[in-house]
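# Results of the structural survey
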Amino acid sequence: MPTSREQPFIWTTWLNKLLMGANSCEWAAWFKTHNQRTEAEKVPSATDWTSFRVAHTALLNKAREEYEQQGYTVMTEHQNRFYLRGRVATLSGIPDLIAVKGNDGVVIDAKSGKVQPWDPIQVQIYMWAVPQALRQYKGMIFSGLLYYPDARTP
């Protein structure tokens, strides 16, 4: 049985699909924002998570190496987790990579699966939220990049 959250909580991947119109059920987004389920209550996914993680990690390593060779300092996944607490709700997300060189910042989201139309919106949310939520990036303006196995897409 879902339990009420103390404060509304929005995960970035819930928001990007809603903004894109790929998920038109506003009630479902509202429900997840206001309630949470235990792991035991979650519906099992048909995704092969082991294969996904292996492919995703390889892609992250490739992107990280590319940016480090260009002189960027690169932070990955959970080093980038943010909680942006607003008056009404908390927005949270985990950008795959954040690369910084001087005042140049790039938010990179690696996509090892099928290209989805809401992927750019997820990166745009990160570009907006990261400098507000993470002190070390305050005042920076980020560009965004989707990183796919065969090509990078701005």
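Note: the structure precedes this text.
About the criteria used
- Residues numbered from 1 in each chain as written.
- Predicted model: local features only at pLDDT ≥ 70, side-chain atom pairs only at ≥ 80, totals over all residues.
- Heavy atoms only, no water.
- Pairing = 2+ DSSP bridges.
- Helix = DSSP H or I, 4+ residues; strand = E, 2+ residues; numbered from the N terminus.
- Axes fitted to C-alpha atoms, helices over the stretch in contact; angles between N-to-C directions.
- Salt bridge = Lys/Arg side-chain N within 4 Å of Asp/Glu carboxyl O.
- Buried < 20%, exposed > 50% of the residue type's maximum accessible area, 1.4 Å probe, protein only.

Pairing in this open sheet of three strands is mixed, and the strands run S2-S6-S5 from one edge to the other. This sheet does not close on itself; its edge strands, each paired only once, are strand S2 (9–11) and strand S5 (82–85). With direction set aside, neighbouring strand axes in the sheet form an average angle of 20°. Note that S5 and strand S6 (residues 90–93) share four bridges and pair antiparallel. Residue pairing in the sheet places Arg85 in a bridge with Thr90 of S6.

All told, the structure shown has four salt bridges when counted by the stated rule. Put simply, Glu77 and Arg53 hold a salt bridge, and the shortest N to O gap is 3.2 Å. Of this pair, Glu77 sits in the loop between strand S4 (73–76) and S5 while Arg53 sits in helix H3 (residues 49–69), and the two are 24 residues apart along the sequence. Glu77 gets classed as buried once you look at its relative accessible area, which sits at 18%. Using a relative accessible area of 35% as the deciding quantity, one classes Arg53 as partly exposed. Across the salt bridge formed by Lys111 and Asp119, the nearest N and O atoms sit 3.7 Å from each other. Take Lys111: its relative accessible area is 15%, and that puts it in the buried class. Three or more residues joined by partner-sharing salt bridges are found here, namely Asp109, Lys111 and Asp119.

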